[in-house]
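Geometric and topological summary
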Amino acid sequence: EDGIRDQPRSRGLGDVYKRQDYEFSFWVSHSSPLSICKVRHNKDDGMASVVSFFQIDGTDDLAGTSIIANTHDGQIKIIVGTKSYHKATPATVFLLRDDGVISLEKSWKFDGSSTINCIRFDDDIAYLVNRKSPGEIMSINVTEGRLHE
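Reading guide: rules and limits
- Residues numbered from 1 in each chain as written.
- Predicted model: local features only at pLDDT ≥ 70, side-chain atom pairs only at ≥ 80, totals over all residues.
- Heavy atoms only, no water.
- Helix = DSSP H or I, 4+ residues; strand = E, 2+ residues; numbered from the N terminus.
- Buried < 20%, exposed > 50% of the residue type's maximum accessible area, 1.4 Å probe, protein only.
- Areas by Shrake-Rupley, 256 points an atom, 1.4 Å probe, with all protein chains shown as cover.
- Pairing = 2+ DSSP bridges.
- Axes fitted to C-alpha atoms, helices over the stretch in contact; angles between N-to-C directions.
- Phe/Tyr/Trp six-rings, centres within 6.5 Å; stacked < 30°, edge-to-face > 60°.
- Lys NZ or Arg CZ within 6 Å of the ring centre and 35° of its normal.
- Salt bridge = Lys/Arg side-chain N within 4 Å of Asp/Glu carboxyl O.
- Contact = heavy atoms within 4.5 Å.
- pLDDT = per-residue confidence, 0-100.

**Some details on the overall build of the protein chain**
Of regular secondary structure, the protein chain possesses 1 helix and 11 strands. Within the span of the protein chain, comprising 149 residues, buried residues form 36% of the whole. As displayed, the protein chain offers around 9,400 Å² of accessible surface, 48% of which is attributable to carbon and sulfur atoms.

**Describing the sheet that holds strand β2 (residues 35-42)**
Two strands in a sheet stick together by hydrogen bonds in their backbones, pointing the same way (parallel) or opposite ways (antiparallel). Reading across the sheet, the 3 strands line up as β1-β2-β3 and stay open at both edges, with antiparallel pairing between neighbours. The outermost strands of the open sheet, each flanked by one partner alone, are β1 (22-28) and β3 (48-55). Taken pair by pair, the neighbouring strands of this sheet meet at an average axis angle of 20°, ignoring direction. Inspection of the sheet shows β2 paired to β3 by 7 bridges, in the antiparallel sense. Of the residues in β3, the one forming a bridge with V39 is V50.

**Some remarks on the packing of aromatic side chains**
Inspection of the entire model under this criterion finds 0 aromatic pairs. In this structure, K38 is placed above the aromatic ring of F24, and the distance from its NZ or CZ to the ring centre is 4.4 Å.

**Regarding the pattern of salt bridges**
All chains considered together, the criterion is met by 6 salt bridges. Residues K38 and D98 are paired through a salt bridge, measuring 2.7 Å at the closest nitrogen-oxygen approach. Of this pair, K38 sits in strand β2 while D98 sits in strand β6 (residues 91-98), and the two are 60 residues apart along the sequence. Here K38 falls in the buried class, since its relative accessible area comes to 11%.

**What to know about the environment of G64**
With respect to the element layout, G64 can be found in strand β4 (residues 62-72). C-alpha of G64 to C-alpha of L34: the two residues are 30 residues apart in sequence and 6.5 Å apart in space. Not counting chain neighbours up to four residues away, the residues in contact with G64 comprise V28, S29, H30, L34 and G81.

**Details of the confidence of the model for the protein chain**
Taken over all residues, the pLDDT of the protein chain has a mean of 83, while the share at 70 or more is 87%. Confidence, expressed as mean pLDDT per element, reaches its minimum in the protein chain at helix α1 (residues 13-19) with 42 and its maximum at β6 with 94. Overall, residues 1-19 carries pLDDT values under 50, and its contacts beyond four positions in sequence, including any with other chains, amount to 3 contacts.

**A word on the side chain of N141**
With respect to the element layout, N141 can be found in strand β10 (residues 137-141). Setting aside residues no more than four positions away along its own chain, N141 makes contact with D124, I125 and R146.

**Observations regarding the sheet that holds strand β11 (residues 146-148)**
With antiparallel pairing, 4 strands are arranged side by side in an open sheet as β8-β9-β10-β11. The sheet is open, and its two borders are formed by β8 (116-122) and β11, each paired with just one other strand. The average angle at which neighbouring strand axes cross in this sheet is 25°, direction not considered. Pairing between strand β9 (residues 125-130) and β10: 5 bridges, direction antiparallel. Residue pairing across strands places A126 opposite I140, the latter belonging to β10.

**Observations concerning the environment of H30**
When you line up the elements, H30 lands in the loop between β1 and β2. With 52 residues separating them along the chain, H30 and T82 place their C-alpha atoms 8.8 Å apart. The contacts of H30, once residues within four sequence positions are left out, are A63, G64 and Y85.

Take a look at the structure:
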């Protein structure tokens, strides 16, 4: 024997997640003020329960339009797009973090825009579209905080 077959099999993280009997999703309210819920879904019995809740203060004129969560470098980041109900309030994109408790990390205001939708979130780049000009895709590097139009 070469000794390789005698070694105990190593289990990667993928095995751990495959054995879990639940998964999570995030939801954003379509009414003001904006509220984000983290929901745990039990795969065995189909039951769901809210495990975390966060309300963004100062969002009385905004409604959630889109939400995307992404895990990068061991952190769960959440991007939320919004629609403005008032001309004086610009649409805003919020970056939240979930490290057991949901918290607000950054936000970007879009003057002259009434609706900003998040369409994709890869690594540190969030891709957005302005409803007024859907052919123009914008991106935000959430680590650097830079908007690319």
